[in-house]
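Below, each chain spelled out in residue letters.
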Amino acid sequence: MSDWAPPRLPRALLGFALPSDVRDGIVGDLDEVYRKRRSEKGWLVAFLWYWGQLLAFSLRLGPARVREIGTIIGSSAGLDVKLGLRMLVKYPMLTIIGGVAITVASAIGVGAAEFVRDLLVPSIPLDEGDRLVTLRQLDLEESGPAPASWHDYLTWRESVESVAELGAFTVRDQGLVSPRGESDAVSVARVTASAFDITRVQPGLGRYLIEADEQDGATPVIVLGHETWQALMDGDPQAVGQTVQVGGVPTIVVGVMPEGYRFPRNQNAWVPLRFPVAADPASSPRVSVFGRLAEGASLETARAELTGIGARAAADYPETHAQLRPELYPFANLISGGRASGILYGVRAMLVLLLMVACANVATLVFARTVTREGEIAVRTALGATRKRIVLQLFAEALVLVAASTLVGMGIARWVLGWAAGLFWENQQEALGPFWWDDSLSLVTIAYAGVLAFAGAVMIGIVPALKATGARIQPRLSQLSAGGGAGLRFGGMWTAVIVFQVALSVAFLPLAVQQGGMVFYDPFQRSNFPADQYITAQLARDVVVPPRTAEERAEFLEVSAQLFDEVRSAIATEPGVSAVSFASGLSGFNHVVSPVEFRGDGNEPPILAVSRTMLVDQSYLDLMGAEVVSGRSLQPADFTPGSRVVVVNESFVRVALSGRNAVGGMLRGPEREGEASEVAIPAAGESYQIVGVVKDPEVDVFGPGAHQVIYAPITEAPVNPGAVGLVGMPAAPATQLFVHLRPQAEGIAASLHTIVASVDPSLRLSQMGTVQEAWRPVHRQYRMFGWIFMLVAGVVLALSVAGIYALMSFSVSRRTREIAIRAAVGASQGRILGIVFRRAAIQLLLGVVLGSLIAVPVVWDDIQQSATGTITLSGLRSVFIVVALLTGAGLCACLIPIRRALAIAPVDAIKSN
Amino acid sequence: VPQSLGEFEQMVLLAILHVKGEVYGVPIVEEIESRTGRAVSRAAVYVTLRRLEKRGLISSWMSDPTGERGGKARLCVKIEPEGLTLLTQSRRAMERMWDDLDPRMLEGRP
């Protein structure tokens, strides 16, 4: 028979597709038959026949082969994992540094990704929660969303078929007074009765709201949330039928919802939403609209239908609806407004970046370790281990490290997530997160972290392994057996990684040092300010029907101002109270931030600055101990509308005015085109005279003198004297109450709710606590960020030092023979040191220079401010600290290898080689 | 204990018995094709051989590699006593099914 060989490709594929027990037999048989067929029927027939056989055999025996491969991988993987665990123990420093780096990177990445996911695209824990949708208007002129009106809701309810049920709500905090006189501020939803059908949740007690409750003249009723029922009525099973005061209106409790029901967001009581039929879309109140998609309808079909309805509305009401387009998105996207994907992808990209940066650095260390195992690899190769086998083993070792670190990182992320979420919602002034908030890690995030861990293991395991098992293994084996240094080199890629690492440290650490300062800064310990003697709370007035016209609104604010004054008088007469004051917010945050233009009395050019403005009443500055530094404080005569005087703090003079004389100067709100702000103080185009400078508050959550503040008389409020918005916002008639207590009078805090309720039941006091307690959540949040910065900085520093150590160690071990010969021929220790240290020093220097180029511009503002001589060189100083720290650490990393190099006995070294 | 043999399994076992000389895949396929007069799937034959071996009805071994097969050895097979017994039982079972049939029925007559 002729010597025709079968086609190579199908034969090779056949070899791969067949189980090993029958492979040789079948391939041999097919070879035999192929030759016979080719001699009898020609090449083409035989060729096609062979491909056909490949297909037939693959189909019939392929599954057996797949099972066989699975078994092989299973058995070798077990061994590789065992070896990987042994490596973790054998190289503890690498395990600790690499493990911590990957753990921190994955914990931050996973935590951030999950947090953002929960915030922007959560899953709603209601029956078919993914079919709940939100409807609103898109203002084409403003290029942004606009709330729907009651008129829109009624129109949509009549015409939209893709959304089976529609509901509307508004939310606000209201004071609730129990039948026993206990009061509390509760977030109340005014909802249409349909809300309960849409959410498909049955009440725990009594009934939920029905359409009859929405009719004019119906008895006011309320459905309580489980938490409110527990807090205000002690979980009384007879609660249904009892009367509570809601914003001063007696209201009958008709039901209690089960625990955890806080629809639509974080509400704990529900009253009927009552609006008259709105004939005029312009004056129709604003509401949030939601619904449940009809059976068979999708988001797309509902959107298409809504677009048609929107076009009709634009034609019917061109004055109000020409620029509006209704839009619809999943209810789960309530916070993000359906525009979440960009942020989510951004955070996920950050997770990738963090993990990859950590893994790239760990890969440097692993490569250095792999180099020390060069002999082992060469010998294994000589004994018949394939390159694939060795690479897979090194990959498995890396996978053990990465998988274990990622698991620990995910565990930490899960733990921190609950804590961080609590802090986040506390800062958002919500006692709890929205009802759908879930601290656990989602499967998507876990899978994502898993894929990234695998990719990280490829980077850490495969890349160094491919380098170490390159094609020149045979010459290397010869070199090893001959006693010479082997051929592996710490090439350009690894050098670049180390330089990048050092540069990153220099660039990032100054920022971390600054942020880390927050961890140790305690605003209340360093100051003599008796923060525990000050009680603060938000005082607000609830309304049953919000004022709609300008006249109604003016009247409402006027009455509110009178009531707030009565509250002040009532509290001031209490024994133990030293003084009472109102301001537009809590010092340190909640300020109106607006641009101001300063003109001094000379011919100097005006200074443009951005400052925070606090509206204060007559006693505020004295109450807070803000002593006058120059000029005068605010006087009673200043508290008349149109007085146009302000005082500023020292920080404003120091930072905004660069130390220039402020008293007598004028502050003016710059004119801005197209940006009319009704809350800017000073308002655009108006001028205010600075009459004095007061000391910075003794205590500040961000550090002394952190804020530049303009104190304006409360009568300058853009909305109404006395009843300023929390941040000057006209829509929120609320003010910050400050009560200075005499020593040992803390007990009065408990009675403040009652005092306020006795003035008028519609008044509500919320978020009450000492100034220290009010600041604490913000401080805690900054401390948390400080810790994260410090942790990441520590990891970056450790990786840099470890990288330098690995490089030095590698350099010494590679040049042992050379060092020995040089020592033998009389080279001095200094010369030998130079040889060993030169490369590491160059890389260190290169990294420091590169990093400084990035770091100095970042902290340049601080450096410039230091020109006044009053601010410390914090930015520049931290760069110096970091450079010194890194250089010191780098030198320390060199010590062990240098000692090893100097200890080489020439004769022994040459002999052993 | 194997209970029965399929028709194709019986063919493969019978082919093993018929083949003279070294018994491996190629002559087994040829034997079945020549005796039945129809083409059979070579892959099906090997899958059946593998299955019969797993059931303990045949055994296999590799012969010495030969140059004419690209250096590949032959996977030779032989039938085991259990295989013979089951094959005989299958034949008897089939014969019993044929027994007592009226020959006229087979000729299509009433």
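Residues numbered from 1 in each chain as written. Chains lettered and ligands numbered in written order. Predicted model: local features only at pLDDT ≥ 70, side-chain atom pairs only at ≥ 80, totals over all residues. Heavy atoms only, no water.

Looking only at helices and strands, chain A features 25 helices and 23 strands. Counting every position in chain A, which comprises 913 residues, the buried fraction comes to 50%. Accessible area for chain A stands at about 41,100 Å²; split by element, carbon and sulfur atoms hold 60% of it. (Helix = DSSP H or I, 4+ residues; strand = E, 2+ residues; numbered from the N terminus. Buried < 20%, exposed > 50% of the residue type's maximum accessible area, 1.4 Å probe, protein only. Areas by Shrake-Rupley, 256 points an atom, 1.4 Å probe, with all protein chains shown as cover.)

Counting secondary structure elements, chain B contains 5 helices and 2 strands. Of the regular secondary structure in chain B, the N- to C-terminal order runs α-α-α-β-β-α-α. Out of the 110 residues in chain B, the part that is buried amounts to 42%. Residue pairs in contact within chain B that sit at least 24 positions apart in sequence constitute 49% of those at least 6 positions apart. (Contact = heavy atoms within 4.5 Å.)

Each partner contributes to the interface: chain B provides 19 residues, whereas chain A provides 23 residues. The interface formed by chain B and chain A includes 3 salt bridges. Here B:Glu30 ties to A:Lys36 by a salt bridge, and the two come within 2.8 Å at their closest N and O atoms. For the interface between chain B and chain A, the tally reads 5 residue pairs in polar contact (both at pLDDT 80 or more). Secondary structure elements with two or more residues in the side of chain B that touches chain A: helix H2 (25-36) and helix H3 (42-54) of chain B. Considering every element that reaches the side of chain B that touches chain A, the biggest residue donor is H3(B), with 6 residues. (Salt bridge = Lys/Arg side-chain N within 4 Å of Asp/Glu carboxyl O. Polar contact = N/O pair within 3.5 Å; in protein donor to acceptor, adjacent residues only side chain to side chain.)

Turning next to the packing of helix H2 (residues 20-41) of chain A against H2(B). With their axes 9 Å apart at the nearest point, H2(A) and H2(B) run at an angle of 60 degrees to one another. It follows that H2(A) is oblique to H2(B) by the angle criterion. Taking contact as the criterion, the partners of A:Asp29, A:Glu32, A:Val33 and A:Lys36 in H2(A) are, on H2(B), B:Gly25, B:Val26 and B:Glu30. Split into classes, the residues belonging to the contact of H2(A) with H2(B) amount to 2 nonpolar, 1 polar and 4 charged. (Axes fitted to C-alpha atoms, helices over the stretch in contact; angles between N-to-C directions. Parallel < 35°, antiparallel > 145°, perpendicular 65-115°, else oblique. Nonpolar A, V, L, I, M, F, W, Y, C, P; charged D, E, K, R; others polar.)

On to the side chain of B:Glu9, then. All names here are of chain B. Of note, Glu9 is situated in helix H1 (residues 7-18). A polar side-chain atom of Glu9 sits 3.1 Å from a polar atom in the side chain of Arg51. Not counting residues up to four positions away in its chain, the partners in contact with Glu9 are Ser4, Thr48, Arg51, Leu52 and Arg55.

The subject of this paragraph is the pairing of strand E23 (residues 763-770) of chain A. All names here are of chain A. Here E23 lies mainly inside the structure; 6 of its 8 residues are buried. For strand E13 (residues 534-541) and E23, the ladder comprises 6 bridges, and the chain directions are antiparallel. Looking at E23, one finds that Arg541 is bridged to Leu763. (Pairing = 2+ DSSP bridges.)

Side-chain pairs of opposite charge can arise where the charged atoms are in close proximity. Scanning all chains against the criterion turns up 22 salt bridges over all chains. B:Glu80 is paired through a salt bridge with B:Lys78; the nearest N and O atoms lie 3.6 Å apart. For B:Glu80, a relative accessible area of 19% translates into the label buried. A relative accessible area of 42% places B:Lys78 in the partly exposed class. Among the salt bridges present, the one from B:Arg104 reaches B:Asp102, with a minimum N-O distance of 3.1 Å. B:Asp102 sits in the partly exposed class, given a relative accessible area of 28%. Sharing partners across several salt bridges, the network here consists of A:Glu32, B:Glu22 and B:Arg74.

Let us now look at the nonpolar core. Counting 62 residues, the largest nonpolar core has A:Ile571, A:Tyr620, A:Val648, A:Leu667 and A:Tyr711 as the members making the most contacts within it. A:Leu14, A:Val33, A:Leu54 and B:Val12 belong to the second-largest nonpolar core, a separate cluster that totals 41 residues. (Core = buried A, V, L, I, M, F, W, Y, C linked by side-chain atoms within 4.5 Å.)

This part covers the packing of aromatic side chains. Residues and elements named next belong to chain A. For the coordinates displayed, the defined rule picks out 23 aromatic pairs over all chains. Seen in terms of ring centroids, Phe263 and Phe331 are 5.2 Å apart; in terms of plane orientation they differ by 20 degrees. Their pairing is stacked. Highlighted residues: Phe263 in the loop between strand E9 (249-256) and strand E10 (269-272) and Phe331 in the loop between strand E12 (324-330) and helix H10 (341-372), separated in sequence by 68 residues. A residue is classified by how much of its surface remains accessible, and Phe331, at 1% relative accessible area, is buried. Linked through ring pairs, Phe169, Phe196, Tyr208, Tyr261, Phe263, Trp270, Phe290, Phe331, Phe435 and Trp436 together constitute an aromatic cluster. (Phe/Tyr/Trp six-rings, centres within 6.5 Å; stacked < 30°, edge-to-face > 60°.)

The next point concerns H2(B). The end-to-end C-alpha distance of H2(B) is 17 Å, a good match for the 16 Å that 12 residues give at a rise of 1.5 Å each. Regarding H2(B), the residues found buried are B:Gly25, B:Val26, B:Pro27, B:Ile28, B:Val29, B:Glu31 and B:Ile32. The secondary structure elements touched by the buried residues of H2(B) are H2 of chain A together with H1, H3 and strand E2 (75-79) of chain B. One or two residues past the end of H2(B) sits B:Gly37, with phi positive at roughly 75 degrees. (Expected span 1.5 Å × (residues − 1).)

Residue and element names in this part refer to chain A. A cis geometry characterises the amide bond from Phe263 onward to Pro264, with omega recorded as 5 degrees. Tracing the backbone shows Pro264 in the loop between E9 and E10. Positive phi values are uncommon outside glycine, yet Glu128 reaches one of about 50 degrees. Relative to the assigned elements, Glu128 resides in the loop between helix H4 (92-120) and strand E1 (132-139). Judged by relative accessible area, which is 39%, Glu128 ranks as partly exposed. Residues other than glycine seldom take positive phi values, yet Asp234 does so here, at roughly 50 degrees. On the secondary structure map, Asp234 appears in the loop between helix H7 (226-233) and strand E8 (243-246).

Our next topic: the environment of A:Asp197. Residue and element names in this part refer to chain A. Position of Asp197 among the secondary structure elements: in helix H6 (residues 194-199). With a relative accessible area of 41%, Asp197 lands in the partly exposed category. C-alpha separation for the pair Asp197 and Leu209, spaced 12 residues apart in sequence, amounts to 9.8 Å. Among residues more than four places away in sequence, those in contact with Asp197 are Glu165 and Tyr208. Among the polar contacts listed, one links the side chain of Asp197 to the side chain of Tyr208, at a separation of 2.8 Å.

Residues and elements named next belong to chain A. Counting all residues, the mean pLDDT for chain A is 78, and 81% of those residues have values of 70 or more. Across chain A, strand E7 (residues 221-224) holds the top mean pLDDT of 94, while helix H23 (residues 860-865) sits lowest at 52. pLDDT under 50 marks residues 674-679. Its contacts with residues more than four places away, or in other chains, come to 8 contacts. (pLDDT = per-residue confidence, 0-100.)

All names here are of chain B. Taken together, the side chains of Met94, Met97, Trp98, Leu101, Met105 and Leu106 define a hydrophobic patch exposed on the protein surface, amounting to about 700 Å² of accessible area. Of all elements in the fold, only helix H4 (81-98) and helix H5 (103-106) reach the threshold of two or more residues within the nonpolar patch. At 3 residues, H4 tops the list of elements feeding residues into the nonpolar patch. By secondary structure assignment, the location of Met105 is in helix H5. Taking the relative accessible area as the measure of exposure, Met105 reaches 58% and is therefore exposed. (Patch = residues over 30% accessible without salt bridge, like charges linked within 9 Å, V, L, I, M, F, W, Y side chains within 5 Å.)

Residues shown with low pLDDT carry predicted positions that ought not to be read at fine detail. The predicted model of chain B averages 88 in pLDDT, with 93% of residues at 70 or higher. On the interface metric, ipTM, the complex scores 0.88, and its pTM is 0.61.

Moving on: the side chain of B:Arg50. With respect to the helices, strands and loops of the structure, B:Arg50 is situated in helix H3. For B:Arg50, a relative accessible area of 14% corresponds to the buried category. Within the structure, the side chain of B:Arg50 is placed 3.2 Å from the side chain of A:Asp21, a separation counted as a polar contact. Setting aside anything within four residues of it in sequence, one finds B:Arg50 in contact with A:Pro19, A:Asp21, A:Val22, A:Leu61 and A:Ala64.

Right, let's talk about H4(B) for a bit. Owing to its 3.6 residues per turn, the α-helix aligns residues three or four sequence positions apart on the same side. All names here are of chain B. Under the 1.5 Å per step criterion, the end-to-end length of H4 is 26 Å for 18 residues, consistent within 8% with the ideal 26 Å. Here H4 has its buried residues at Gly83, Leu86, Leu87 and Ser90. The arc that holds every buried residue of H4, seen down its axis, measures 105 degrees, which confines them to one face. Within H4, the exposed residues directed more than 90 degrees away from the buried face are Pro81 and Arg96. Phi turns positive, to about 65 degrees, at Asp100, one or two residues after H4. (Arc of directions from axis to C-beta.)

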